[in-house]
Structure formats: structure tokens, C-alpha cells
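The lines below spell out each chain.
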Amino acid sequence: MQSEMTFQGRWRDYQQAVLDALESHLVDDKLHLVAAPGSGKTLMGLEVVRRIGRPALVLAPTVAIRNQWVARLSDMFLPAPHVGPEWISTSLADPRPLTISTYQALHAATGERPGRAAGDEQESDEAPPAEPPGRFETLTSFFRELGAITLVLDEAHHLRREWWRTLGELREALPEAKIVSLTATPPYDVEHAEWLNYEALCGPIDEEIPIPQLVRTGELCPHQDYLHVSLPATSEEVLVTAHRAGLYDFIVRLHDDRELLAILLAHPWLTDPAGHETQVLDDPEFFSSMLVFAGFAGIAPPPVALELLGVGASEVPEMSAAWMEILLNGMLFAHTESFGESEARLKEMRAELRRLGAIEGRRVRLLDDRSFYAALAGSLAKFGSIVDIARTESACLGVDLRMVVLADYVRAADMPRGPDEAFRPAKLGVVPIFEILRRAGIGGLRLGILTGSLVVVPAPALPALERAADECGIVAGHLHALPLAHDPNHLQVEIQGESADRIVQLVTRLFDAGEINCLVGTQALLGEGWDAPTANTLVLASYVGSYMLSNQMRGRAIRVDPTRPEKAANIWHLATIVPDTLEDELSRRFGWSTPLAPSDPVGRALGADMETLKRRFLAFEGVSHGMDVRIESGLARLGLAGREWDRAAIDALNAEMLSRAGQRPELADRWRNALGGGTVEPRRMRQISRVNHTPRLVAFSDTLHYLAVTALLGGALSAANAVRNLSSDLGMLLLVAFLGLTLFYALPKLGWALWLLVRNGTLEGSIRQVGKAVIDGLEKAGSFGRWPGEISVHSERSPRGKCLIRVENATRREERMILQAIEEILGPVGNPRYLIVRRSALGRWRRIDFHAVPSMLGQKKADAEQFAESWNRHVGGGRLAYLRNEKGRRLLLRARSRSMAAGFQRFVDRMSVWQ
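For the structure given in this document, a descriptive report is provided here.

Rules used throughout
Residues numbered from 1 in each chain as written. Predicted model: local features only at pLDDT ≥ 70, side-chain atom pairs only at ≥ 80, totals over all residues. Heavy atoms only, no water. Helix = DSSP H or I, 4+ residues; strand = E, 2+ residues; numbered from the N terminus. Buried < 20%, exposed > 50% of the residue type's maximum accessible area, 1.4 Å probe, protein only. Contact = heavy atoms within 4.5 Å. Areas by Shrake-Rupley, 256 points an atom, 1.4 Å probe, with all protein chains shown as cover. Pairing = 2+ DSSP bridges. Arc of directions from axis to C-beta. Core = buried A, V, L, I, M, F, W, Y, C linked by side-chain atoms within 4.5 Å. Phe/Tyr/Trp six-rings, centres within 6.5 Å; stacked < 30°, edge-to-face > 60°. Salt bridge = Lys/Arg side-chain N within 4 Å of Asp/Glu carboxyl O.

Our focus in this paragraph is the overall build of the chain. Of regular secondary structure, the chain possesses 34 helices and 27 strands. Taken across its 915 residues, the chain has 56% of its residues classed as buried. Long-range pairs, those at least 24 residues apart, make up 76% of the contacts in the chain between residues at least 6 apart in sequence. Entry remark: accessible area of the chain is about 38100 Å², with carbon and sulfur atoms responsible for 53%.

Two strands pair when backbone bridges link them, and strand 14 (residues 479–484) and strand 15 (residues 487–495) are joined in this way by six bridges, in the antiparallel orientation. Along strand 15, the bridge assignment pairs histidine 480 with glutamate 494. Linking strand 14 to strand 15, which pair antiparallel, is a turn of two residues.

This brings us to helix 1 (residues 13–20). The set of residues buried in helix 1 consists of Tyr14, Gln15, Val18 and Leu19. The buried residues of helix 1 occupy one face: seen down the axis, they fall within an arc of 140°. Residues of helix 1 that are exposed and point more than 90 degrees away from the buried face comprise Asp13 and Asp20. On its buried face, helix 1 sits against helix 2 (22–25), strand 1 (30–35), helix 3 (41–52), strand 7 (207–209) and helix 9 (211–216).

So, on to the sheet that holds strand 5 (residues 150–154). The parallel open sheet is built from seven strands, whose spatial order is 3-4-2-5-6-1-7. Among the strands making up the open sheet, the edge pair consists of strand 3 (88–89) and strand 7. Bridge analysis of strand 2 (residues 56–60) against strand 5 gives four bridges, and the strand direction is parallel. Looking at strand 5, one finds that alanine 56 is bridged to threonine 150.

Before going further, it helps to examine the nonpolar core. Side chains of a nonpolar character, in soluble globular proteins, are inclined to be buried together. Counting residues in each nonpolar core, the largest one holds 85 residues, and the members touching the most others are Leu73 and Leu98. Excluding its chain neighbours within four sequence positions, the residues that come into contact with leucine 73 are Met5, Leu46, Leu78, Trp87, Ile88 and Leu98. By size, the runner-up hydrophobic cluster in this structure holds 56 residues, among which are Met415, Leu484, Trp572 and Phe617.

Counted by the stated rule, this structure contains 12 aromatic pairs. Measuring from centroid to centroid gives 6.2 Å for phenylalanine 867 and tryptophan 871, while their planes differ by 55°, and the two rings are tilted. Here phenylalanine 867 and its partner tryptophan 871 are both found in helix 33 (residues 861–874), four residues apart, which amounts to about one turn of the helix. Of the two residues examined, phenylalanine 867 and tryptophan 871, each falls in the buried class. By the ring-pair criterion, three or more aromatic residues cluster together here, those being Phe7, Trp11 and Phe77.

Our next topic: the pattern of salt bridges. With the rule as written, the count across this model stands at 47 salt bridges. Between arginine 417 and glutamate 421 there is a salt bridge, with the nearest N and O atoms lying 4.0 Å from each other. Using a relative accessible area of 62% as the deciding quantity, one classes arginine 417 as exposed. In the salt-bridge network here, residues are joined through shared partners; they are Asp249, Arg253, Glu352 and Arg355.

Turning next to the pairing of strand 1. Within strand 1, six of the six residues are buried, which leaves the element mostly enclosed by the surrounding structure. On strand 1, burial covers both faces: Lys30, His32 and Val34 on one face and Leu31, Leu33 and Ala35 on the other are all buried. Judged from the five bridges that link them, strand 1 and strand 6 (residues 178–183) form a sheet pairing that is parallel. Within strand 6, the position partnered with histidine 32 by the bridge is serine 181.

Right, dumping it as C-alpha cells:
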């Protein structure tokens, strides 16, 4: 097989570097490559298969991506006329030495149904037909007979969920397989345990090629993210106002409800907390919420309850919508049985909240009601944003426009059935967006639709479609194009027979040629693996906020277009905001405040849509707006902080964004400057954490403590020695000797405490010492898999006074691992297995503080103990406490209460920067 494969092109420098290091990467029989869209992962994967020299099974997440593997193999590795040899197969029913299939097909071969995404018409891709039962055993037997194989997992981030068990079975059936894992978006945002499962199959990341590096080498084009903001449509504003007013009135009445206050104060957890300690430890947030409500109602919390929490009355957090949610969920669902005779009152509250639409299932949602969020996420107001963007981009680019709009749902039922039928879309979707743009009458716009179930092209594009079909070998009788019932200028296209899966290829050809210059499709079909380098404008009309999917969608637009070397891409994000939220009204009425992270990119709450964008932009690394040109992740680089959010300000923001979008020629210069100009100095994407809390007090406390001890011992020794000079009594001689030895023992501790004070005396010094403790602990736990060598943690103050933490001389995975551990230590206390307890007990500095032992060091007792030793050596005094027993749970309750208490909030966030 491999003897017939020869790469027909020339490897890029970064590709050659990966291939040159292949042997060292495969020491553990695994290659894990992370590379941005457009970096040539498929070609590298095929070359790795060729170099390993084994039969191979390649698995991809979709049929479209599977077909790309076949196309790249034929075009780039086989001699002309590129006829597929008999050793290639795309069917698990007919495996060959090189079998290229999908995860769905493998899953189906085990007898399971292929997975699809849930939702009304939401697509996952064309699902392959179910494989016959027993096919899995046939497949594994076939490859075992061939000997050891290479297993290629394309877009490997999919493996952490629905196909995980199937891949595990395959791995067990083929234990000698070498595994090649390729992805643009590793699941960095998952829990540590889930990452360990992912890494156990794919191996540690061997090479990572970020987007800025590819822009610097010219493999990806300069690009920029923009935001277009809308206010809710009139009908939605009515809904928003009514929803907010109803909840506001409900909470105001709770504030004045003396009956409810009496019910809460009579609750057994508050009257006898010691007798219900086990229940309190099982749900400390609900226990705290009752105390918070008492303070909200103007009543001092019961002292016995505060004693159990280990906080003073002044440290009880102020009421907020989040605390109110916790209280109501506990009362109305989780702990109803503990309210005895009050069930009738609770039943009334449940009924009212259901009427207000604030209950979903068995949960109260005051802030993130999902049905309410979905109504705004699919807001009709976004249609106006899309039309404005299309009109501006069309005017700027003219015939060069290649615009893609991605949505979550098709909503085919919204397609008008006749030219006179009224069009009243209810939600955002592919068909409604197409119809709104069609009716906008934007000059030069040639609209098309591409989904797994619906394809529409402009009528003038039919000859080009037929030529493309003929070139692809599609039988003429299998291609059908019928005019839309309400518009003969657009045709609905279908392909019958075995060529049906080539429809994406055909429509992409029309798009590349400009026969279609505005294509509306689903993010599931086009958001991953779709190859259309001509796309230069992307509008994300999708609700998706996850790291992986949003980054995949964005990657569609940033590929280099060989026919237009000057290409620069615009990526548009849409948000319907709520400037006056429930929290704002409650803040005006009661002084409530919802704490935001110090580095919040907007500076205020604007509804769920904006929160989704904040989350989405954590995955996007791009060049900043404004005079300070740099490359970083996060929404802050769009320059939104400090703005007003009334209608006039929103209109001004949108006009500013549209104006910026028209300045494509400047983008290349901005990227060049941000990347380092013409220098060749080594730079890369770095992860940086921002924190507002550091463990500095203990070093100072220890220093004072040992200084006092040594001073007292020294004074006592001097006094005893003076007395001894007056008397030769043996007892006095022994006392002097004892005091002398004790002082000798205490002096080194004073020296160490003074040294800690010097090292930890600044914010930056404290962080460096925490970093040393983390690196030391991870190394002893074997988390690096190598000697950490020169890995170090550095910190500095940002211009705004934040503490910025970075890791030097580490791989990107090691960098993320170290920063995650530091964030767990310095951030709010969650639910760790172990705590570091730090106490200071001198005068007005008397306090206790808690730091979680990072989850990756807290799973084993030995690792936790080694970390505690490292902590005491590098940071200062601290005691390791185990939390999975009754005493530990009580300590955890106090730690979490203090973490949530007013004035003690800890904030940690992370960003990526090019340095």
C-alpha cells in the first residue's frame, strides 16, 4: 500500500518539523497533533500513515470529512490519473488495508444507533447507514489478520463523549495499534478527569500549531472578529419586560414577607445546626442562603449558625439573584420535607414561579431561564444585524464577496409556499435568514442554501451546476432542480443515487466560482471540515458557545485563498442584549450587586447572549482593536469596556464595527505588527492567568512569630545566664543549657521565615513561590512525564494592577496544567479532597485562610502530602487537611463559606497572548 503513496507537493516548514520528529513522538506508540484549521492535518496524517508503513483505519466525524481524506489521498499521494486503488475502502462492511470511515459507522457496527444531535431539525451531518450487527467483530478480525495497524482519529476532540466506549472497545481489540490523533481544538475546557480519559487514548500533545503562527507563515489569512448588537424586537421586549417585572414583584414581596421569614428562622438547620450538621454539610449553599435571606430581611443571622460556618455576621454575603435561586431551589424542591407544616405556602410559591416561567423541570431559574434565553438567542432582531452586515460587506467587496451565514436549525417549514404568502418567521434559522436576505434586495447578492436536507441555488447558476455535476461523474438524470414555489429565481436541488453525498462538493464549487456569493447553512454541516478557502465573510448566527464548536466554525473563513493572495476575512458575531436586567432593577431597589471578575471585558451584565460571547471569545485568538496592537484571546480586544448600552450607543457601536470591517487592507499590517514585524525572534501563544488573591500573609506572620519566639528565648537565656553567674546551682546550669539549645533550634526557623518574607514580600514573589510548589508537586506526582528542568512561573502587574501569571519553558499542555493548578489554589474553594489550611495568630493579623490542593494532586494521599511539603518549603506554614470525613467536611464548609463571604471573593480567569 505505502509503496504506491508518494507526496506530490512540498511540505511547509512546520509540517516538516512535525514529520522529522515523528520517531521520537511515536516512542509511546501515539502521535497527538494539535493544529489550526488550514494547517494541512489531513496531509500530515496520510504521510504519517505512509511512514509508519502499516495497514490503517482512519476515522472521521462526518461523511464530508471522510470524503476529504479520500480526495487528499487521490490528489496528493497517488500518481495521475488519481484512480483509487483496490486497497482503499470507505465502508466498514468491506474493509481494506486503508479503510476510511466515520465514528458513527463504527458506533453502528457495534449494534448501536448512530448518534445525532438533538433539537428541532438541528443537523449533525449525513448519517451513514447502520452497519449490520456483528460487523464490529468482522472488522477487528480483519485488521488482526493483517497484523499491527495504525489507527487515525481525525478531529479527535469528538472522542470524549458519545463514541468513547466504542473507541475503547476498538483499542482493546487492537492493542498493538499505533494511534495518530489529529485535532484543531483539544477539549481543554473539560474537567480534569475527562481530560485524563481523552489523554489516555490519544496520548499527551506532541505538537501544537496555533493560528497566529500560521498567519505569520502565510498559511492562514489575516482576519478580524466583529460584533453586531441588537435590542430585542418589540414582541420580545414585551416578553422581557413582563418576565422581569413579574420576578421583580415576586422578590420584592418575599423581602416584606414576615411569614416566610418566620418559616426560615424556625427551620431546624438554623435553630439546631449542630444537630443537623450532616445535612448542612451535604448542602452548605442552601444553609448559607437562609442566613443571607435573614440579613436581606433585616434580621441578624442566628449566632449558632454563624459559629458552624466559622464566619462573623459582617462576613455573610449580601443577597443577590444567585443566592435567591439557591434559597428557592432548596425550599421548593431539594429540602421541602424539612419545612414541615409549611407545604401549602411552598406550593403557592411554586405555582407562582411556574406562572412566571421561572421553573424548568424541578429547578428555579431567575437568571438563566433556558426557554427565555433561547427566545433571545434566536431573536428576530438579529435578522436586522445580518442584513446590515450583508449590505455593508457586499458594498465593500462587490464581486469578490464570499459570505457564509451559519445557523443551528434549518426551519424548512418557514419556506413560503407561494409568492403571495405572508412571511412571519418566529425564530432564527437557515430558511428565515435566506428569506430575509432575499427580500432585502441587496444588489449583487446571489443567495444559496446548503444543509443536509435542503439545498437552494440561484437559477442563473444552473448551467454551472450541471457542468460541475458532469465533471464529478454524476449521472445527468440523478440531478434535479425545481424552482421554489414562491420564487422562480431560486432552485431547490436534489441528487439521487450513490452520488447524493457529493452535493456539498457541487455547491462549494458554485460558491468558489461566485455563482453563489452568500451561502446560508447549518453549523453542523459546514462548521467543521468544510473546505471553502474563498470564504471571506462569516456570520455566526449560532447559539453555540463551546470552545470546540465555535472555534471550528470560525476556522471556515480564515483559510488562505490561492486565487486571492490579499484575502482578509471578517468574522461577525451577533448578540441581542438586555441593558436593563432583573439584577439592575433589584440593585436599584435593594442595593444588590452581582460581582463580576475584575477583568470582565464589558464591565456589566447584558443578558445571556453577551455571556455566551464572553465564553466563546476565550477560544479565539486574534489581533486587538485600537492603538495597542497585540494578539490575545477574550472579548476585551474588541474594545467594549466602559461603553453605554442604550439604543444610541448601540447604533454608534454597530456603525463603528461596520466601518472597521471595511478597512480590510489594514488588517495585514496590524497582524504583521502584532506578530513582531519582520523579526524572527521566537514567539508563541502563551496562556496567562489573572488573579486577585495571593498567599502573602503567612510568610509575614511566620516571621513575626519566630522573631517573637527567638526574642523571648534570647531574653530568657540572658536572664538565666545572669542568675547562673551568681549561683553555681546544677538546676540553673541545666536551665541555661536547655534555653540555649532551644534558641539554637529556633534561630534557623527565624532565618527561614525571614527568607520567606523576602521572597514572598511582593505580589509577584508570592506567585513565584506558589508556582515552585506546584511544579515541585506535579513533578513528584509524575504528571510531567519528564524532568521539568527549566520550567518556571513568572508574574507581573498589568497596567490595571492585576497579577498576570505566565509559565516559561513548558509545553502548552504543561503550561495549561500548571496554570490550572495555580488557579485552583488561588481561586474560590470548590469541592477538593484536600485543603492547605493557613493560620496566623498575632494581634490584628489573626486570621485563617484556605487553599484547595489542585485536583490533579489531590486524588492520591501521597501526592497531596508531597505537595503540602513543597508548599511549606516554598510558600510558608500550612497544614494539610483531608476533607472526606466528618471533621474535614466541617472544615470544607468553613472554607467555602469564607470563600463566598463578603470581601473575600477570589477571581481567576485566563487568556492567551502572543509573546
